[in-house]
Amino acid sequence: MEQSCTLGELIIDQLARTVDDNSLVFHGFGSPLVQIALHVAKRVYAPNLVLVAGATYGVNPDPPFIAPTTNDWVHDRNAECHLSIGELFDLSASGRLGRMFLSGLQIDQWGNTNVTQLGRKSLKLKLPGGGGACNLSCNTKYITLWTAAHRAEPVKGKRRYRIVSQCDYITGLGHRNSDGITRQQLGYRGNGPQWLVTDLGVFDFNKDGHLRLDSLYPHTSVNDVIENTEFEPKIKKDLKTVSHPSIEVLSIIRNLDPLRIHEKELLPRDRAVTLNGNKHAAIC
Amino acid sequence: MTMSALSISTAENKCTDIEALALIVENGSCLAVGGGLSSREPMALIRSIIRNNVSNLTVVGSAHGIDIDLLCGANAVSGSQESYVGFEQDFGMAQNYRQGCESGKIEIQDNCCYTLVQQLRASIQGLPFMPIQSVRGTDFEKNPRYKTIQCPYSGEDILVVPPLTPDVAILHAQYADSHGNLRIEGPPVVDLLFAQASKKVLATVEKIVTSEEMQQLGGANIPYFYVTNFAKAPMGAHPTACYPFYAYDREHTKLYMSAAKEGPAAFQNKYLKHFVYDCESHDEYLDRIGGANTKSKLSSWKESSDAWMELYKESA
């Protein structure tokens, strides 16, 4: 029987599983799901991970809890050493950064991300901006994309999709941009997005660099994914269903985040939901 | 063509007060703000700059929040080259910044952290440009100031970015000595690069210490000759954190956000008037945010992890 868990915990576990051992990985700011996932990865899946904390640039910190803002000294507790902002980005430029996690208000079929603005020709909504996402998307060895808001409920009959055909603005580069130029043509060191973890499932990218559904969650269906995606997603032939996180993973998450800061990233309707391990059904 | 040179400052007595620092910031300046997100932003100096009705600033930086948003809410900004202005997942979008951008009052030319670093490095090193191995293929490439050239060695395309020399950098550090050497503890964000790349550097500090005390603390990390003037401003980063003195005041930030969400008029009345314009001095601001009680609450993080966590509970 599987453990009961929350959607946030399931997403954290899936993000953590994308981390390779013996690699140098950075989490940005404003992304507690990823921040917690790196601590899970270091303790469970990738013990030799070089964990660089976002905003504080501490290496291998051991925070007593997660705070609502990333640039807080609590996240720097027991860090072994520190990088400067220039040094961190130099690590990506030279190919030493193994993985980075990027998200967006729009993520498109080629893995481009947009956190800059909505509106292609004229500005409709100014988003906060990408921090270093643009730079990191190019040369970091692998990218894991994520969003906890794949589900796009219709508002007045219209859905505003998170997973879109084409981003209004490309903040972070995927496998090919809106003009069809591929990252190979641009000569970058990075291999681009490898995974996309959402609230509905886990995706990889096919050999053309197109988004493809790789696994569902015990409580989600192919139909959920189709309904909530702007384009027709490719679906892997041997579609898998992931299992819930282990007791060990769940206890790491719950000890590290007693304030449940990571749930702020989820859609309000998903925050209090428990996924019952036995029935594989969402119950509130 | 002769390139302009950056200068040093060897003045005897650079220590002044916050108001005198604020007067150095002129209309239309390119302003680099130190700190980042919820940490060590020079808020007392920003409030004083706003009280001087400074306008048409172009702000440059990496990851910012209430500092830039407050300047935007007070109509002091007409250009932004920031990489990020927001309140992370906690409070989301920066309402005044967003409103200023969407209404066309603020000309936006978003930047990225490493592009900013490379532009500052070009300024620091006196170079006409700096190459950068990213950006091409993204929509940032459309920035007319960026150029693609051919690498003279491989023949391949490479993007180059121009130097960025802010007119003024405003920083908040934990310590200064009487000479103006600064010591920043914890993540310096872009402050060290800003200090080296800018024409003028204005700093507020929590505490002024003797040279001996500075050595005991571990030494300065911004040499005095970069610093134009500095002033003492205890709790001068509030509501952002300045550890080890005080933590981030999430409760005050929440109050700020609720006023900002109501729109520009409500923000003027409910926040700017009370916490900025009607405060004659930084001391009066400190009274208005709760005086000694707030100070002791925000310094309670030191007592234990539980006390620290208490500051960030939703009801707190």
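What you are looking at is a predicted structure, and each value in this text was computed from that prediction instead of being measured.

Chemist: Describe the overall build of chain A, and please don't skip the residues or the numbers.
Modeler: Looking only at helices and strands, one finds eight helices and 18 strands in chain A. In terms of overall dimensions, chain A is globule-like: its C-alpha atoms have a radius of gyration of 18 Å, near the 19 Å expected for 284 residues. Referenced to the eigenvectors of the C-alpha coordinate spread, the extents of chain A come out at roughly 50 × 50 × 35 Å. Counting only residues that meet the buried cut, chain A has 56% of its 284 residues in that class. In chain A, of all internal contacts separated by at least 6 residues, the share reaching a separation of at least 24 is 68%.

Chemist: With reference to specific residues and values, describe unusual backbone geometry.
Modeler: The general pattern is negative phi for most residues beyond glycine and trans for most peptide bonds. A cis amide bond links B:His238 with the next residue in sequence, B:Pro239, at an omega value of 10°. In this structure, B:Pro239 sits in the loop between strand E13 (229-232) and helix H9 (250-261). Put simply, B:Tyr243 and B:Pro244 share a cis peptide bond, and its omega is 5°. Here B:Pro244 is to be found in the loop between E13 and H9. Unusually for a residue other than glycine, A:Asn78 sits at a positive phi of about 60°. Positive phi, close to 50°, is recorded for A:Lys156, a residue that is not glycine. Position of A:Lys156 relative to the elements: it lies in the loop between strand E11 (142-146) and strand E12 (163-164).

Chemist: Go over the sheet that holds strand E9 (residues 157-161) of chain B with me, naming the residues and quoting the values.
Modeler: Residue and element names in this part refer to chain B. Pairing within the open sheet is antiparallel, and its three strands lie in the order E7-E9-E8. Of all the strands in the sheet, just strand E7 (130-132) and strand E8 (147-150) have a single pairing partner and so form its edges. Ignoring strand direction, the axes of neighbouring strands in this sheet form an average angle of 50°. Relative to E9, E7 is paired through three bridges, and the arrangement is antiparallel.

Chemist: Which residues make up the interface of chain A and chain B, and what values do they have?
Modeler: Each partner contributes residues to the interface: chain A has 46 residues there, and chain B has 50 residues. Elements that contribute at least two residues to the side of chain A that touches chain B include exactly helix H3 (85-93), helix H4 (133-139) and helix H5 (183-186) of chain A. Per-class residue counts for the side of chain A that touches chain B are 23 nonpolar, 17 polar and six charged.

Chemist: Hey, could you go over the confidence of the model for chain B for me, with residue numbers and the actual values?
Modeler: In this model, chain B carries a mean pLDDT of 97, and residues with pLDDT of at least 70 account for 98%. Under the prediction, the complex receives an ipTM of 0.96, its pTM being 0.97.

Chemist: Which residues make up the confidence of the model for chain A, and what values go with them?
Modeler: The share of residues in chain A with pLDDT of 70 or more is 97%, and the mean pLDDT across the chain is 95. Residue range residues 279-284 of chain A is modelled with pLDDT below 50. Its contacts to residues more than four positions away, or to other chains, number eleven contacts.

Chemist: Let's hear about the pairing of E9(B): which residues, and what values?
Modeler: Bridge analysis of E8(B) against E9(B) gives four bridges, and the strand direction is antiparallel. In the sheet register, B:Gln150 faces E9(B), and the bridge partner there is B:Asp157.

Chemist: Could you give an account of the pairing of strand E4 (residues 77-87) of chain B, naming the residues involved and the relevant values?
Modeler: All names here are of chain B. Across the eleven residues of E4, nine count as buried, placing the element largely inside the fold. Where strand E3 (residues 57-64) and E4 come together, seven bridges link them in parallel fashion. Residue pairing in the sheet places Gly61 in a bridge with Glu82 of E4. Bridge analysis of E4 against strand E6 (residues 107-108) gives two bridges, and the strand direction is parallel.

Chemist: Quick one: what's the story with the nonpolar core, residue by residue and with numbers?
Modeler: Core analysis: the largest hydrophobic core is formed by 180 residues, its most contacted members being A:Leu15, A:Ala37, B:Leu71 and B:Ala203. Each of domain 1 (20-111 + 165-290) and domain 2 (129-162) of chain B accounts for three or more of the residues forming this core. Beyond its immediate stretch of four places on either side in the chain, A:Ala37 contacts A:Ile12, A:Leu15 and A:Ala16.

Chemist: Can you lay out the sheet that holds E12(A) for me, pointing to particular residues and giving the numbers?
Modeler: Residues and elements named next belong to chain A. An order of E8-E7-E12 is seen for the three strands of this open sheet, with the pairing classed as mixed. Looking at strand neighbours, the two that pair on one side only are strand E8 (113-114) and E12, the edges of this open sheet. Taken together, the two bridges between strand E7 (residues 106-108) and E8 define a ladder with antiparallel strand orientation. Counted as the bridge partner of Ile107 is Thr113 from E8.

Chemist: Tell me about the environment of B:Arg47, and name the residues and values.
Modeler: Residue and element names in this part refer to chain B. Relative to the assigned elements, Arg47 resides in helix H2 (residues 43-51). Arg47 sits 229 residues away from Val276 along the chain, and the two C-alpha atoms are 5.7 Å apart. Once you skip the residues sitting within four places of it in the chain, Arg47 turns out to touch Val276 and Tyr285.

Chemist: Any details on the domain arrangement of chain B? Residues and values, ideally.
Modeler: Each assigned domain of chain B is listed here: domain 1 (20-111 + 165-290) and domain 2 (129-162). On a C-alpha basis, the centres of domain 1 of chain B and domain 2 of chain B stand 32 Å from each other.

Reading guide: rules and limits
Residues numbered from 1 in each chain as written. Chains lettered and ligands numbered in written order. Predicted model: local features only at pLDDT ≥ 70, side-chain atom pairs only at ≥ 80, totals over all residues. Helix = DSSP H or I, 4+ residues; strand = E, 2+ residues; numbered from the N terminus. Rg over C-alpha atoms; globule rule 2.2 N^0.38 Å. Buried ≥ 20, exposed ≤ 12 C-beta atoms within 10 Å, placed from the backbone. Contact = placed C-beta atoms within 7 Å. Pairing = 2+ DSSP bridges. Axes fitted to C-alpha atoms, helices over the stretch in contact; angles between N-to-C directions. Nonpolar A, V, L, I, M, F, W, Y, C, P; charged D, E, K, R; others polar. pLDDT = per-residue confidence, 0-100. Core = buried A, V, L, I, M, F, W, Y, C linked by C-beta atoms within 7 Å. Domains from an automatic or database assignment.

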